[in-house]
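A structural walkthrough
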Amino acid sequence: MIKNGKYFVTPPDAESDFKRLFQQMAAAGAGRPADKDGFPVGQWTPELLADAISKIDANCNGIDLRTVQHWFQENDKGISADNIRWLARIFGCGDPEASNLWQVELSLANRRLAAERKKRKSSISSQSSYTDVLQQVRPDQSRAGEPSTVAERKRARVNPARQTEALFTGESSMALPLVVFIGASALGLISFTLNIHSIVFATEIGPSKQIGFLWAPNWTITFLTVLPLFLALVIDVLRCWKEEWRIRMEEFSDPTFPAVSWDQRVTAASYTFWATLVVTVIIASGYNWVATHLIPLLNGDPGNWAVDWGRIAIFRPDLISLYGAILFTGLVFLYNGFTAYVFFSGLIFLHLIKHDYVYLVKGLVGRPKEASNPVVEHIGFSLITGIFRCASLGIFITILMKLQSSYLQSNSTDIVGWLAADFLSPFSGEDSAESEYSSFGTAPGSYYSFFCLLAITGTFANASFVIGRVLERLSKLHSRSRYLLPWVLMNGSVALLVACYFLTGVLPGFTIFLLFSMLFSAYLFAMPVSAWRRTPCKGK
């Protein structure tokens, strides 16, 4: 039957669940355009169906390709009420009465799927309980039959790559950003009890300066908001790659192509994680604390280091004792070592995913391109978008570190007033960013942030170049323009943030440039992947 130029199939009366019903209709081409003989032009694919749903006028938000792919896969995942509405329109060929019939049928089928899933879980739970009883009755046989498993677990205990991956992909992986947030909150509360949360220190060679712990953006804004968001994004990208994107790409790979599993790739990077652990915990945090805080506090001389909340005990022992300052700074740098390790581990995982993606693309040589290319292109574009978001947050962290270091070496009373004065300097004719600097000592954050910037921009630049080359080869001539504008915008945004880092505290009026770059990056950051390549809704 033909409705509105499309192949219409009447909802069947069979008591099928959503999976069976959907697969039958997708294979039959229900809702697909019909040819002159009344036959559908072909079956539904995840890409075609996602595109058709996104083009519905009333659906302004479109639909994610991953959601549609779940409908085609053999799993227990059903469909939401909103998506039932759009899918019913597709199967109903845009006819109100037919769409209403399909909406009722899809809703009933979805309920049947939920009931079967619940029944299956109850059965599995009963079998697991029975298995646990058997293992308790025959513990010796279980242990004797699994020597290799025990050995593998013992080897895994000394593999930082495995344990770090468990932090990012375990069942409680989303607790990692929460742990970072709670740790930063605890340090803020401790600073209150030690009375160093807000300190106005009067120097002998300049005006008073606010050097309190809660006034330092590199310790507050970074660990309370930016770093937890960065970790949440890395966790999401890593999970998508392991649980969905990689599986989809392996379906199109050449069976004769030498396979390298994700576990093998992570295990091979164990030395990289060991090196990262040593550099971040022992050198960047441990040695840095000893050189910049412990020795100056014990000697009673800050040396060439700028006075901040960690060295104020040298001049104001009435605020915090020497041992209190040593204990608190040691705790802060211990926390910094942990967060620095998970931050750089996130960058390592992004690099491994990029390398794994390129390797799997090589396995597509000689395979049919009509079906695989759209999927591989979508995965590659989603991957580089995720890396862009992570890199933007990482560069913003380095900017916050540079801001705090530049402020400590300025003549301004507090960092808010310093930024406000710099923002107004181009209009008032005063060079606040340059002329107000005095010799208040060296801030180590300037050097540390620079090396962090190199690692972040290097990760993004490499991924942008490599994945861009892959997409250029996969895309057809008429579709290359789809990726050109997003690629220019993402690379331009990263370049602006990098320029902001180098201009911070150097060029008068850098705050204006920083504000513009942050707003531009935030706009691109919040834009969903589907919006990059989808036209706006009609009439909007």
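Cut-off values and rules
Residues numbered from 1 in each chain as written. Predicted model: local features only at pLDDT ≥ 70, side-chain atom pairs only at ≥ 80, totals over all residues. Heavy atoms only, no water. Helix = DSSP H or I, 4+ residues; strand = E, 2+ residues; numbered from the N terminus. Buried < 20%, exposed > 50% of the residue type's maximum accessible area, 1.4 Å probe, protein only. Contact = heavy atoms within 4.5 Å. Areas by Shrake-Rupley, 256 points an atom, 1.4 Å probe, with all protein chains shown as cover. pLDDT = per-residue confidence, 0-100. Salt bridge = Lys/Arg side-chain N within 4 Å of Asp/Glu carboxyl O. Expected span 1.5 Å × (residues − 1). Polar contact = N/O pair within 3.5 Å; in protein donor to acceptor, adjacent residues only side chain to side chain. Phe/Tyr/Trp six-rings, centres within 6.5 Å; stacked < 30°, edge-to-face > 60°. Lys NZ or Arg CZ within 6 Å of the ring centre and 35° of its normal.

Across its full length, the protein chain carries 20 helices and 4 strands. Considering the protein chain as a whole, with its 540 residues, one finds that 46% of them fall into the buried category. Across the protein chain, every contact between residues at least 6 apart in sequence was considered, and the portion connecting residues at least 24 apart equals 75%. Carbon and sulfur atoms form 61% of the exposed surface of the protein chain, whose accessible area is close to 27,000 Å².

With that settled, consider the confidence of the model for the protein chain. Here the protein chain shows a mean pLDDT of 81. Residues at 70 or above account for 83%. Note on residues 432-439: pLDDT is under 50 here. Beyond four places in sequence and across chains, it has 23 contacts. Counting contacts from residues 534-540, a segment whose pLDDT is below 50, to residues more than four positions away or on other chains yields 10 contacts.

A complete count under the given rule lists 9 salt bridges for this structure. A salt bridge links K55 to D51; its shortest N-O distance comes to 3.0 Å. Residue classification places K55 among the exposed residues on the basis of a relative accessible area of 60%. Between R311 and D308 there is a salt bridge, with its nearest N and O atoms 3.5 Å apart. Neither residue differs from the other here; R311 and D308 are each classed as buried.

Moving on, we come to helix α15 (residues 415-428). For α15, which comprises 14 residues, the first-to-last C-alpha distance of 19 Å matches the rise-based estimate of 20 Å (1.5 Å per residue) to within 8%. Among the residues of α15, those classed as buried are I415, W418, D422 and S425. Taking the backbone nitrogen of V416 as reference, a side-chain oxygen 3.1 Å away marks D414 as the first, capping residue of α15.

Next up on the list: the packing of aromatic side chains. The tally for this structure, following the rule as stated, stands at 28 aromatic pairs. Taking 6.4 Å as the distance between ring centres and 90° as the angle between the ring planes, the aromatic pair formed by F18 and W71 counts as edge-to-face. Remark: W71 occurs in helix α3 (residues 65-72) and F18 occurs in helix α1 (residues 18-28); sequence separation between them is 53 residues. Each of the two residues, F18 as well as W71, counts as buried. On the basis of an interplanar angle of 45° and a centroid distance of 5.3 Å, the ring pair of F201 and F315 is categorised as tilted. Taken together, the positions of F201 in strand β3 (residues 200-202) and F315 in the loop between α12 (270-299) and α13 (322-362) put the pair 114 residues apart, joining distant regions of the chain. With a relative accessible area of 11%, F201 lands in the buried category. A connected cluster of aromatic rings, assembled from ring pairs, spans F213, W219, F223, W309, F328, F333 and Y335. Seen from the ring of Y407, K209 lies directly overhead, with NZ or CZ sitting 4.1 Å from the centre.

We now examine unusual backbone geometry. In this structure, C93 takes a positive phi of about 60° despite not being glycine. Looking at the secondary structure, you find C93 in the loop between α4 (81-91) and α5 (96-137). The backbone phi angle of N195 is positive, close to 65°, even though this residue is not glycine. If you trace the backbone, N195 turns up in the loop between α9 (175-193) and β3.

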